[in-house]
Amino acid sequence: MEFHLAKVPRLIAERRSSAILGVFVIAMLWACIGVKYLEDVQGDRRAAERMNYNFAVVFEENVLRSIGELDKALLYVRHSIENRQDTADLSTVLRATDVLSEIILQIAIIDAHGITRASNVGPQPAPAIDLSDRDHYRFHLHNPADELYISKPVIGRVSGHWSIQITRRFLNRDGSFGGVVVASFDPGHLTKFYDKIDFGSSAAISLIGSDGVVRSSGGSAGGYRLGRDLTGTPLFARIQTATNATFETSDPADGQTRLDTIRKVRGQPLWVAVSVDKNEVYNGSLATLKLNAIVGIVLTLIILGAMERILQSEIRARQKAGQLQLTLEHMSQGIMLVTKDLQIPIINSKCGELLDLPAEFIKTPPRFDELVEYEAKHAKLRDVSALSALLPEEIAATDRSNQHVAVCERAMPNGTIVEVRTGHLPDGSFVQTFTDVTKRREAEAHVARLASEDPLTGLPNRRVFRAALDQISRQFRPDVGDAAQIRFAVLFLDLDRFKVVNDTLGHRIGDLLLQDVAKRLQQPLREGDVLARLGGDEFAIVVPSVSTREELEALASALVEAVVVPYEINGHQIRSSISLGIAIGPHDGQNAEDLLMAADLALYAVKAGSRGTYAFYQSSMNKELNDRRQIELDLREAVERKELELFYQPIINLRRNAISGFEALARWRHPVKGMVPPTLFIPVAEDSGLILPLGEWALMEACRQAVQWPDDLKIAVNLSPIQFTAPSLVQVIERILAETGLAPHRLELEITERIFMADSENTLSILRRLKSIGVSIAMDDFGTGYSSLSYLRSFPFDKIKVDRAFVSDLAERNEHVVIVQAVVSIARALGMTTTAEGVETDGQHQFLAALGCDEVQGYLFSAPVPVEKLPELFAKWTPGRAAGKTLAA
């Protein structure tokens with residue numbers, strides 16, 4: 001039925017009487033339902049307004065009756081006060097006055113100064129309470145008229161409950177203002193009766209003063225909150241017009257639209273308000289509408305069923321033709337049927353789209369031979385043989401019993417590739433289908449490209465690299481007598497500290513860096529060299545023809561220099577470098593596996609030593625690799641068992657000739673190998689990630705020892721660049737200072753320029769957070785990097801440590817004297833101190849003192865010593881320290 005109903009508008013357009021009559025009857029039915037609903041809505045609105053009005057009238061009478069009862073009590077008490085004997089005080093008068101009312105909470109008397117003098121509730125005599133600030137007292141103070149005052153709801157200072165005060169003034173015998181008689185009553189009394197009446201689950205009733213403040217509220221929905229100030233609301237705007245009215249308002253407190261009726265209380269500055277939720281007003285009309293809608297739906301279905309029977313025969317005849325046309329138009333292929341006499345009874349829009357035919361060819365198809373002529377004339381197909389082969393003479397020569405389907409592909413001028421399939425029918429006609437296979441062919445080409453290309457950089461991938469290496473390896477076999485001859489080479493490249501970039505700046509920046517590195521690596525290569533990305537930050541190069549070792553060295557140097565130039569990526573300046581391992585074939589391996597292993601070992605040797613350079617494979621590297629792996633295993637166990645220890649080297653203040661602090665240096669006493677040099681195990685710790693637990697232990701141990709020293713001694717601890725990648729570095733330092741109790745200003749953190757290489761902005765942010773804790777920051781090995789001066793300008797370091805390379809030959813090299821003098825001058829201008837490292841001779845000592853250096857450290861004063869030997873150093877350099885502070889561990 002749904003399909004037939006979709007045809008109704010067209011049948012009406014065709015003026016089918018049965019369809020028009022059915023639609024007219026349905027329209028009249030729903031028009032009647034709509035009119036009935038509008039009448040019900042108006043009736044519900046009138047009923048709600050009538051109910052609101054009736055309740056407002058009743059509420060008004062109830063309020064007047066209650067206020068009248070309260071006013072009678074006030075007048076009675078006032079009469080007793082004004083006619084009291086001269087000897088009778090106010091408490092006596094109030095006790096003698098019998099005021100009985102269930103709505104009065106309290107009767108009180110306030111004197112002319114606003115002080116409570118009598119009350120029928122609470123302890124007797126009533127405590128003197130200053131109520132001079134209350135509105136119900138201040139109203140009568142300067143008002144000579146005898147008026148009844150009704151206050152806003154207030155919380156009683158004694159009772160602690162809401163109440164409304166109704167007051168009248170009384171006079172002394174001489175006619176002067178004597179005070180105020182107060183009757184307090186519960187505002188809930190006015191609406192208590194209405195809370196018990198069921199006049200709608202969303203109805204509310206309220207008593208509102210002309211000042212906009214709610215005096216009482218009740219009803220099923222609670223009404224406006226007691227004491228709420230309605231000034232500024234639409235309801236208060238209506239009250240200000242002083243006209244009884246019924247209207248709609250939207251309460252900003254809950255967002256509901258309500259039907260409100262307000263009515264002025266006769267003779268009082270009060271208004272009663274009856275409110276009901278607008279949605280509940282129309283519940284009856286909505287219920288009737290639902291019932292009528294159900295009936296209307298049933299009747300509509302009956303009418304439509306009758307129309308369906310009437311139209312069924314015609315629709316069924318049209319249905320098949322429509323379905324066929326719909327199918328043809330929604331096919332992803334173009335289709336064309338050609339009869340034996342070359343007429344084209346069927347051709348769909350997709351066929352015209354693929355063959356770029358005019359729109360009129362689809363509406364009024366030409367003969368097939370005319371279509372072929374059009375295609376040839378306008379060069380729509382680069383090869384029309386698939387169509388021209390089916391002209392009359394070719395068709396006559398075709399064996400009509402042959403059911404074979406011919407398939408061919410043709411390229412369109414716009415680059416689209418169309419697959420043409422031609423199938424012959426027994427009656428001599430044939431069907432051609434046209435399919436756009438462009439994306440399929442592109443996908444096949446893309447798959448082939450993915451199989452050999454790295455998707456990020458566009459370089460050949462590991463599979464292509466391995467295939468190229470295998471092919472070259474098979475071509476070169478070491479012959480007798482020429483084993484040392486260089487034929488080809490394999491280079492393994494690794495981007496140094498790429499993980500730092502990924503961890504600090506994110507993988508997107510890391511990917512962009514890899515793309516830039518790939519472009520730079522291609523620049524020094526020659527035609528025929530194969531550069532591939534193996535994955536991550538690893539690259540490899542096959543040099544198929546090389547003559548000398550010097551040629552390879554020149555290529556390696558060019559690659560290193562191309563990569564080391566700083567990168568500007570999305571506003572970040574990034575410095576990076578590469579390490580290269582080189583294997584020469586066929587000398588270093590007879591097959592691809594051996595050469596790959598040799599190049600990998602050479603690369604490992606570079607990373608274990610000085611990164612950012614290259615190394616050729618040597619047979620001794622196997623032993624070095626095994627030794628390094630053993631060191632890593634032993635170091636891991638030593639860190640887990642806390643077998644490392646700290647040595648301390650004193651830092652001497654040249655002006656005071658006294659120790660100003662110590663630098664903590666990690667030492668590893670191997671149970672078999674003895675003392676392992678830090679230059680050996682620290683790089684292993686950084687590469688393996690052990691530097692994080694090792695560094696945290698060193699910080700904790702150094703602070704734990706330093707807290708026992710005199711308060712003016714500092715402890716300096718080196719921070720590795722790897723530690724800066726840990727997101728919790730600042731929290732770890734805060735925790736260590738809190739646990740050890742060391743004052744933050746006594747901790748000095750030493751960093752090098754390597755920390756700035758990945759992301760200077762992120763590094764500066766971390767340094768500023770550390771500075772805010774109170775710790776000192778020193779730049780170590782100053783002058784050995786690329787841009788120390790820019791870092792000094794970006795961050796207020798506390799100290800600059802002059803590298804030992806400038807100290808070792810101060811007496812022999814005048815340029816080093818100039819450099820040290822410049823560093824001291826810069827530091828002094830920036831408010832920083834300077835410490836010279838590696839002082840070993842008296843001459844160096846005297847030079848540095850003369851140049852104005854603040855501090856020195858080196859073997860001239862003391863080698864790093866274990867903690868148990870610190871008291872000896874302290875006694876030597878700082879005699880006479882105060883008792884109670886020792887350097888003992």
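Rules used throughout
Residues numbered from 1 in each chain as written. Predicted model: local features only at pLDDT ≥ 70, side-chain atom pairs only at ≥ 80, totals over all residues. Heavy atoms only, no water. Helix = DSSP H or I, 4+ residues; strand = E, 2+ residues; numbered from the N terminus. Contact = heavy atoms within 4.5 Å. Areas by Shrake-Rupley, 256 points an atom, 1.4 Å probe, with all protein chains shown as cover. pLDDT = per-residue confidence, 0-100. Buried < 20%, exposed > 50% of the residue type's maximum accessible area, 1.4 Å probe, protein only. Polar contact = N/O pair within 3.5 Å; in protein donor to acceptor, adjacent residues only side chain to side chain. Pairing = 2+ DSSP bridges. Salt bridge = Lys/Arg side-chain N within 4 Å of Asp/Glu carboxyl O. Axes fitted to C-alpha atoms, helices over the stretch in contact; angles between N-to-C directions. Left-handed = near helix turned anticlockwise from the far one by under 90°. Nonpolar A, V, L, I, M, F, W, Y, C, P; charged D, E, K, R; others polar. Phe/Tyr/Trp six-rings, centres within 6.5 Å; stacked < 30°, edge-to-face > 60°. Lys NZ or Arg CZ within 6 Å of the ring centre and 35° of its normal. Expected span 1.5 Å × (residues − 1). Core = buried A, V, L, I, M, F, W, Y, C linked by side-chain atoms within 4.5 Å. Arc of directions from axis to C-beta.

## Section: the overall build of the protein
Consideration 1: For the protein, the count of helices and strands is 31 helices and 33 strands.
Consideration 2: Sequence separation of 24 or more characterises 60% of the internal contacts of the protein that already satisfy a separation of 6 or more.
Consideration 3: Carbon and sulfur atoms form 54% of the exposed surface of the protein, whose accessible area is close to 44100 Å².

## A few points about the confidence of the model for the protein
Consideration 1: Summary statistics for the protein give a mean pLDDT of 81 and a share of 86% for residues scoring 70 or more.
Consideration 2: Taken element by element, the predicted model of the protein shows its lowest mean pLDDT in helix α14 (residues 392–396) (48) and its highest in strand β32 (residues 855–856) (95).
Consideration 3: Between residues 394–402, whose pLDDT stays under 50, and residues either more than four places distant or in other chains, the model counts twelve contacts.
Consideration 4: In the model, residues 480–484 has pLDDT below 50 throughout and makes three contacts with residues more than four positions away in sequence or in other chains.

## Concerning the environment of Thr-241
Consideration 1: As for its placement among the helices and strands, Thr-241 is situated in the loop between α7 (234–240) and β9 (245–250).
Consideration 2: Using a relative accessible area of 49% as the deciding quantity, one classes Thr-241 as partly exposed.
Consideration 3: At 2.4 Å, the side chain of Thr-241 and the backbone oxygen of Arg-238 are in polar contact.

## Focus on the sheet that holds strand β16 (residues 430–436)
Consideration 1: Pairing is antiparallel across the open sheet formed by five strands, whose spatial order is β13-β12-β16-β15-β14. Bordering the open sheet on either side are β13 (346–347) and β14 (405–411), each of which pairs with just one other strand.
Consideration 2: Alignment of strand β12 (residues 334–338) against β16, held across five bridges, turns out to be antiparallel. Considered in β16, the bridge of Gly-334 is made with Phe-434.

## A word on the side chain of Lys-799
Consideration 1: For Lys-799, the location among the structural elements is in strand β30 (residues 799–802).
Consideration 2: Judged by relative accessible area, Lys-799 falls into the buried class, the value being 6%.
Consideration 3: Residues in contact with Lys-799, not counting those within four places in the same chain, are Glu-748, Ile-777, Ala-778, Met-779, Met-832, Thr-833, Thr-835 and Glu-855.

## Quick word on the pattern of salt bridges
Consideration 1: On inspection of all chains with the given rule, the structure shows 37 salt bridges.
Consideration 2: Arg-45 is the partner of Glu-49 in a salt bridge, and the nearest nitrogen-oxygen pair spans 2.8 Å. Pair noted here: Glu-49 and Arg-45 are both in helix α3 (residues 17–82), with a separation of four residues, about one helical turn.
Consideration 3: On the basis of relative accessible area, Glu-49 is assigned to the partly exposed category, the value being 28%.
Consideration 4: Residue Asp-454 pairs with Arg-533 through a salt bridge whose shortest N-O separation is 3.0 Å. With Asp-454 in the loop between α15 (438–450) and α16 (462–475) and Arg-533 in strand β18 (residues 530–535), this pair connects stretches of sequence that are 79 residues apart. The two residues Asp-454 and Arg-533 agree in class, both being buried.

## Section: the packing of helix α18 (residues 507–522) against helix α19 (residues 549–564)
Consideration 1: Running from amino to carboxyl end, α18 crosses α19 at an angle of 145°, the nearest separation of the two axes being 9 Å. By crossing handedness, the relation of α18 to α19 is classed as right-handed. Where α18 approaches α19, its residues Val-517, Arg-520 and Leu-521 are matched on the opposing element by Leu-559, Ala-562 and Val-563.
Consideration 2: Each residue belonging to the contact of α18 with α19 can be placed in one class, and the counts come to five nonpolar, no polar and one charged.

## Observations concerning the pairing of β16
Consideration 1: Counting buried positions along β16 yields five of seven residues, so the element is predominantly enclosed.
Consideration 2: Inspection of the sheet shows strand β15 (residues 417–424) paired to β16 by seven bridges, in the antiparallel sense. Residue pairing in the sheet places Val-418 in a bridge with Asp-436 of β16.
Consideration 3: Hairpin connection from β15 to β16: five residues lie between these consecutive antiparallel strands, with Gly-428 at a positive phi of about 95°.

## Looking at the packing of α16 against helix α20 (residues 592–608)
Consideration 1: Relative orientation of the contacting elements α16 and α20 amounts to 115°, with a least axis distance of 9 Å. Residues Phe-465, Arg-466, Leu-469, Asp-470 and Ser-473 of α16 form the contact with α20, whose participating residues are Ala-592, Glu-593, Leu-595 and Leu-596.
Consideration 2: Taken together, the residues of the contact of α16 with α20 break down into five nonpolar, one polar and three charged.

## Some thoughts on the pairing of strand β19 (residues 538–543)
Consideration 1: Judged by how many residues are buried, β19 sits mostly within the fold: five of six residues are covered.
Consideration 2: Bridge analysis of strand β17 (residues 488–495) against β19 gives six bridges, and the strand direction is antiparallel. Paired with Leu-491 across the bridge in β19 is Ile-541.
Consideration 3: Sheet analysis places β18 next to β19, joined by five bridges and oriented antiparallel. Note on β19: the bridge partner recorded for Gly-535 is Glu-538.
Consideration 4: The hairpin turn running from β18 into β19, its antiparallel successor, is two residues long, and Gly-536 in that turn takes a positive phi close to 60°.

## Here we look at the side chain of Gln-432
Consideration 1: Structurally, Gln-432 is set in strand β16.
Consideration 2: In terms of polar contacts, Gln-432 uses its side chain to reach the side chain of Thr-422, at 3.0 Å.

## Some details on the sheet that holds β18
Consideration 1: The five strands are arranged β18-β19-β17-β22-β23 in an open sheet whose pairing can be described as mixed. Only two strands of the sheet have a single neighbouring strand rather than two, namely β18 and β23 (614–616). Taking the axes of each pair of neighbouring strands and ignoring which way they run, one obtains an average angle of 20° across the sheet.
Consideration 2: Bridging between strand β22 (residues 578–585) and β23 involves three bridges; their strand directions are parallel.

## A few points about the packing of aromatic side chains
Consideration 1: Throughout the structure, instances matching the rule amount to eight aromatic pairs.
Consideration 2: Between Tyr-648 and Trp-709, the ring centres sit 5.7 Å apart and the planes meet at 80°, which makes this aromatic pair edge-to-face. You can see Tyr-648 sitting in strand β24 (residues 645–653) and its partner Trp-709 sitting in the loop between α23 (691–706) and β27 (714–718), a full 61 residues away along the chain.
Consideration 3: Put simply, the rings of Tyr-648, Phe-662 and Trp-709 touch in pairs and so form one group of aromatic residues.
Consideration 4: Residue placement shows Arg-520 over the ring face of Tyr-567; its charged tip is 3.6 Å from the ring centre.
Consideration 5: The ring of Phe-616 has Arg-549 sitting right over it, with the charged end atom 3.9 Å from the ring centre.

## Focus on α20
Consideration 1: Helix length check: α20 (17 residues) gives 24 Å between terminal C-alpha atoms against 24 Å at 1.5 Å per residue, within 8%.
Consideration 2: Every buried residue of α20 is accounted for by Ala-592, Leu-595, Leu-596, Ala-598, Ala-599, Leu-601, Ala-602, Leu-603 and Val-606.
Consideration 3: You can read the cap of α20 off the contacts: a side-chain oxygen lies 3.2 Å from the backbone nitrogen of Glu-593, and it is on Asn-591.

## Comments concerning unusual backbone geometry
Consideration 1: For the bond running from Gly-585 to Pro-586, omega is 0°, close enough to zero to count as cis.
Consideration 2: Relative to the helices and strands, Pro-586 resides in the loop between β22 and α20.
Consideration 3: One non-glycine residue with positive phi stands out, namely Leu-342, at about 70°.
Consideration 4: Looking at where Leu-342 falls in the secondary structure, it is placed in the loop between β12 and β13.
Consideration 5: Judged by relative accessible area, Leu-342 falls into the buried class, the value being 2%.
Consideration 6: Phi angles above zero are rare outside glycine, and Asp-356 is one such case at about 55°.
Consideration 7: Secondary-structure assignment places Asp-356 in the loop between α10 (349–355) and α11 (359–363).

## Brief notes about the nonpolar core
Consideration 1: One finds Leu-635, Ile-715, Leu-747 and Leu-770 to be the most contacted residues of the largest nonpolar core, which totals 82 residues.
Consideration 2: The element best represented in this core is α23, accounting for eight residues.
Consideration 3: Other than its neighbours up to four places away in sequence, Leu-770 contacts Phe-724, Val-730, Ile-733, Leu-749, Val-775 and Ile-777.

## A word on helix α31 (residues 870–877)
Consideration 1: Restricting attention to buried positions, one finds in α31 the residues Leu-870, Leu-873, Phe-874 and Trp-877. Taken end-on, α31 shows its buried residues confined to a sector of 100°, consistent with a single buried face. Facing away from the buried side of α31, by more than 90 degrees, are the exposed residues Glu-872, Ala-875 and Lys-876.
Consideration 2: On the buried face of α31, the contacting elements are β24, β25 (658–670) and β33 (865–866).

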